[in-house]
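Structure at a glance
Each chain is listed here by its residues.
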Amino acid sequence: MLSQRMKNLKPYVPGEQPQDRSYIKLNTNENPYPPSPKIGAFLKDVDPENLRRYPDPTSLDLRRAIAARFNLDPKNVFAGNGSDEVLSFTFYAFFDSSEGDVLFPEFTYTFYPVYCDFYGIHYQRIPLANDLRVRLNDYLPPRQSCGVILANPNAPIGIALPLSEIESFMEKYPRDRVVVIDEAYIDFGGQSAVPLIKRYANLLVIHTYSKSRSLAGIRLGFALGSQPLIDALTAVKDSFNSYPIDRLAQKIGEIAISDTTYYQQLTTKIISERNRLTTALQRWNWEVPPSSANFIFARKKGLSGKDVYQTLKNNGILVRYFDIEGIRDFVRITIGTSDEINALLSEIKANF
Ligand SMILES: *Cc1c(COP(=O)(O)O)cnc(C)c1O
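As the structure is a computational prediction, the values presented were derived from the model and not from experiment.

Next up on the list: helix α3 (residues 60–69). Turning to α3, its buried residues are L62, R63, A65, I66 and A67. Where α3 is buried, its residues meet β2 (77–80), β8 (221–224) and α8 (247–258).

Now the structure itself:
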């Protein structure tokens, strides 16, 4: 009954979204604050009559708003149903094993190898430095590759690459292969590579509404790049689902991307809680690589990630650990509100 393709499928495992009790949820990097209040005002006035019709298949108003925010043209913007969908189309459109493997860091977003397996693309995981940083020289020729994908800041570690390093990498990387920078966490302190896309036609930058924009529930993401890259993504979309973004999400995305003042305040609070949590844990002898994201990655000698996860879960706090050789002793903790971080700190103090 099942195709061979289906039998070989190894799906991504998303972080838990338990429904059994209420937890302090610090496990899937959602924003602890509500989205722009302008969205509530819009939703109150929605006329259901409008939902009778299909949405704009090109999401033009949304792409215009995103383009304006980044000083680009709408033809440099592709919008999708969550950045996971944009990433999936990206792997399909640009990576082809006949030209070499796609390269990404050994520890990074665990969806990348899933897309590779789904599309039959070969990949190589490139080891990180001892301090868990990405070493971009390892991604350059003579190592063969059909493309590179990097999360910056890297997940689940949180360390960001400086723009100067990305720029000198782009100078040396072959111009006929695509470099993808997944900037899901860029608003929490990294330097965006968006200013480089006018100079490098092979650079694609991907953003999401799920983290800094507090809209994981509407599923929106976008890619920014040269027109040939955007046209390719559009062709892939039109071969899968020509109306992926619903009417409400298009409008909400437009409102959110324009309300920079509101989101700046959220980001500032999250960064300050991140720094407070990092300092407190370091004082208790936890090792915490410097994070530029809305999460930290932390471990303490003698503790396994699984034990930390389980003890905190028993006490009503969810964090994430990865059952992956090399990072098993870490937990990834999403930055919540001050109250949530206080609750976490008192559980950590009591138990570890
Ligand atoms: C959360 C995350 C995404 C997925 O974002 P969605 O827009 O919610 O699909 C993509 N890349 C990385 C690195 C992430 O952490």
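There's more to say after this.
Let us now look at helix α4 (residues 83–94). A rise of 1.5 Å per residue sets the reference length of α4, with its 12 residues, at 16 Å; its end C-alpha atoms lie 16 Å apart and thus fit the reference within 8%. Among the residues of α4, those classed as buried are S83, E85, V86, L87, S88, F89, T90, F91 and F94.

This part covers the environment of Q124. Take Q124: it is sitting in strand β4 (residues 123–126). For the pair formed by Q124 and T279, sequence separation is 155 residues and the distance between their alpha carbons is 35 Å. Beyond its immediate stretch of four places on either side in the chain, Q124 contacts D101, V102, L103, F104, R143 and Q144. A distance of 3.0 Å separates a polar atom in the side chain of Q124 from a polar atom in the side chain of D101. Within the local environment of Q124, its side chain forms a polar contact with the side chain of R143, the two groups lying 3.2 Å apart.

This brings us to the sheet that holds β4. What the 7 strands build is an open sheet, ordered β2-β8-β7-β6-β5-β3-β4; its pairing is mixed. Edge positions in the sheet fall to β2 and β4, since each has one partner strand and no second. For this sheet the average axis-to-axis angle between neighbouring strands, irrespective of direction, equals 20°. Pairing of β2 with β8, which is carried by 4 bridges, proceeds in the antiparallel orientation. Bridge pairing in β8 places A79 opposite F222. Sitting on the sheet, helix α7 (residues 227–240) touches β2, β6 (178–182), β7 (203–208) and β8, and the angle it makes with β2 is about 30°.

With that out of the way, let us pick up the packing of helix α2 (residues 37–44) against α8. Their axes nearest at 9 Å, the elements α2 and α8 cross at an angle of 145°. Relative to α8, α2 is oriented so that their crossing is right-handed. Contact residues: α2 offers K38, I39, F42 and L43, while α8 offers L248, K251, I252, I255 and A256. Its residues assigned to classes, the contact of α2 with α8 comprises 7 nonpolar, no polar and 2 charged.

Calculation rules
Residues numbered from 1 in each chain as written. Predicted model: local features only at pLDDT ≥ 70, side-chain atom pairs only at ≥ 80, totals over all residues. Heavy atoms only, no water. Buried < 20%, exposed > 50% of the residue type's maximum accessible area, 1.4 Å probe, protein only. Helix = DSSP H or I, 4+ residues; strand = E, 2+ residues; numbered from the N terminus. Contact = heavy atoms within 4.5 Å. Expected span 1.5 Å × (residues − 1). Polar contact = N/O pair within 3.5 Å; in protein donor to acceptor, adjacent residues only side chain to side chain. Pairing = 2+ DSSP bridges. Axes fitted to C-alpha atoms, helices over the stretch in contact; angles between N-to-C directions. Left-handed = near helix turned anticlockwise from the far one by under 90°. Nonpolar A, V, L, I, M, F, W, Y, C, P; charged D, E, K, R; others polar.

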